[in-house]
Amino acid sequence: MKQLLLLLSFLLSACSSMPPVLKNAPAVDVHLDQVRSNIEAHRGTPVRWGGTIIDVENEANVTRMQILYYPLNNSGRPRVYRETEGRFVIQTSNFLDPAIYKQGAEVTVTGTIAGTIERAVGKKMLALPNVEIGNIYLWPEEQYRDVYYGPYMGYYPYYPYRYNRFGYYYYPWY
C-alpha cells in the first residue's frame, strides 16, 4: 500500500507544469479587483499575477511594465481568453529589454504590492497597483496549426480542428 501511494505521488508530481521560478515564490490568492478597492490595506502582500504586456518603460534606475491582468490557470499561465479585470504596473531595478518583453507577450510575475502609481490611459489618469517584482516569467508563444477534416455533414466544406504544439485540441471560441 505504501509503495502504491509513493508511486501515485510521484506520478502526480510529474504532472505539475508550473515553472520552478513561479512555483517556489510565496503568493496570496488575491485578485486585482480586491487590491484596487483598497490598495493600502494590501501593501506588502505577496502576489502571483499575470497578463499581457501593454508597455515597457526603461528609466535610469528602474524599469516599469504595464500589464493587462488576466486570471491564471493551474500552470500559472494567464487565461487570455477570459475577461480582464484591468491593469497593473510592475517595477524592478533590473533592465527588461523591450525587444524581448514585447507588447502582447504573456508574462507571470511574483512580487509584493508596493502601493499605487499614476498612469495616463488616453486622457484619463488612473491609480494602478504597483508590484515590486521578485520573479518574472515570459511564456513562450503558443504555436497552433490547423488540421482540416471534411466534408462535415454536407453543410461545410471543411470543419477545422485546431491542435497546439502538444497535440491538444484548441477551441478559440472558449
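Residues numbered from 1 in each chain as written. Predicted model: local features only at pLDDT ≥ 70, side-chain atom pairs only at ≥ 80, totals over all residues. Heavy atoms only, no water.

A. Representation of the overall build of the protein chain within the structure. A count of helices and strands for the protein chain gives three helices and seven strands. The secondary structure elements of the protein chain, listed N-terminal to C-terminal, are α-α-α-β-β-β-β-β-β-β. Taken across its 174 residues, the protein chain has 33% of its residues classed as buried. Counting contacts in the protein chain only where the partners sit at least 6 residues apart, residues at least 24 apart contribute 56% of the total. Total accessible area computed for the protein chain in this model is approximately 11,500 Å², and 54% of it derives from carbon and sulfur atoms. (Helix = DSSP H or I, 4+ residues; strand = E, 2+ residues; numbered from the N terminus. Buried < 20%, exposed > 50% of the residue type's maximum accessible area, 1.4 Å probe, protein only. Contact = heavy atoms within 4.5 Å. Areas by Shrake-Rupley, 256 points an atom, 1.4 Å probe, with all protein chains shown as cover.)

B. Focus on the pattern of salt bridges. Per the stated rule, a full pass over the model turns up five salt bridges. The shortest N-O distance in the salt bridge between Arg 43 and Glu 40 comes to 2.9 Å. For Arg 43, a relative accessible area of 44% gives the class partly exposed. Across the pair Arg 64 and Glu 59 runs a salt bridge, and its minimum N-O distance is 3.2 Å. For Arg 64, a relative accessible area of 17% corresponds to the buried category. Its relative accessible area of 45% is what places Glu 59 among the partly exposed residues. (Salt bridge = Lys/Arg side-chain N within 4 Å of Asp/Glu carboxyl O.)

C. Looking closely at the environment of Ile 133. Mapped onto the elements, Ile 133 comes out in strand β5 (residues 124-138). A sequence separation of 24 residues divides Ile 133 from Val 109, and the C-alpha atoms of the two residues are 6.5 Å apart. Excluding its chain neighbours within four sequence positions, the residues that come into contact with Ile 133 are Ile 90, Gln 91, Thr 92, Val 109, Thr 110 and Gly 111.

D. View of the sheet that holds β5. Spatial ordering of the closed barrel is given by β1-β2-β3-β5-β4, a layout of five strands whose pairing is mixed. Here the strands of the sheet are splayed against their neighbours by 45° on average, with no regard to which way each runs. Here strand β1 (residues 46-58) runs beside strand β2 (residues 63-70); their pairing, made up of eight bridges, is antiparallel. The residue bridging Asn 58 from the neighbouring strand is Thr 63, located in β2. (Pairing = 2+ DSSP bridges. Axes fitted to C-alpha atoms, helices over the stretch in contact; angles between N-to-C directions.)

E. Seen up close, the layout of surface pockets. By volume, the second largest pocket amounts to about 160 Å³. As for the second largest pocket, its lining consists of Ala 27, Val 28, Asp 29, Val 30, His 31, Arg 48, Trp 49, Tyr 69, Pro 71 and Leu 72. Here the residues of the lining of the second largest pocket are counted per class, giving seven nonpolar, one polar and two charged. (1 Å grid on protein atoms, 1.4 Å probe; cavity = no way out; pocket = protein on both sides within 12 Å on 5 of 7 lines; lining within 4 Å. Points joined across faces, edges and corners; volume = space filled by probe spheres on them. Nonpolar A, V, L, I, M, F, W, Y, C, P; charged D, E, K, R; others polar.)

F. Focus on the environment of Gly 51. Along the polypeptide, Gly 51 turns up in strand β1. When sequence neighbours within four positions are dropped, the list of residues in contact with Gly 51 reads Ile 67, Leu 68, Tyr 69, Tyr 70, Pro 78, Ala 105, Glu 106 and Val 107.

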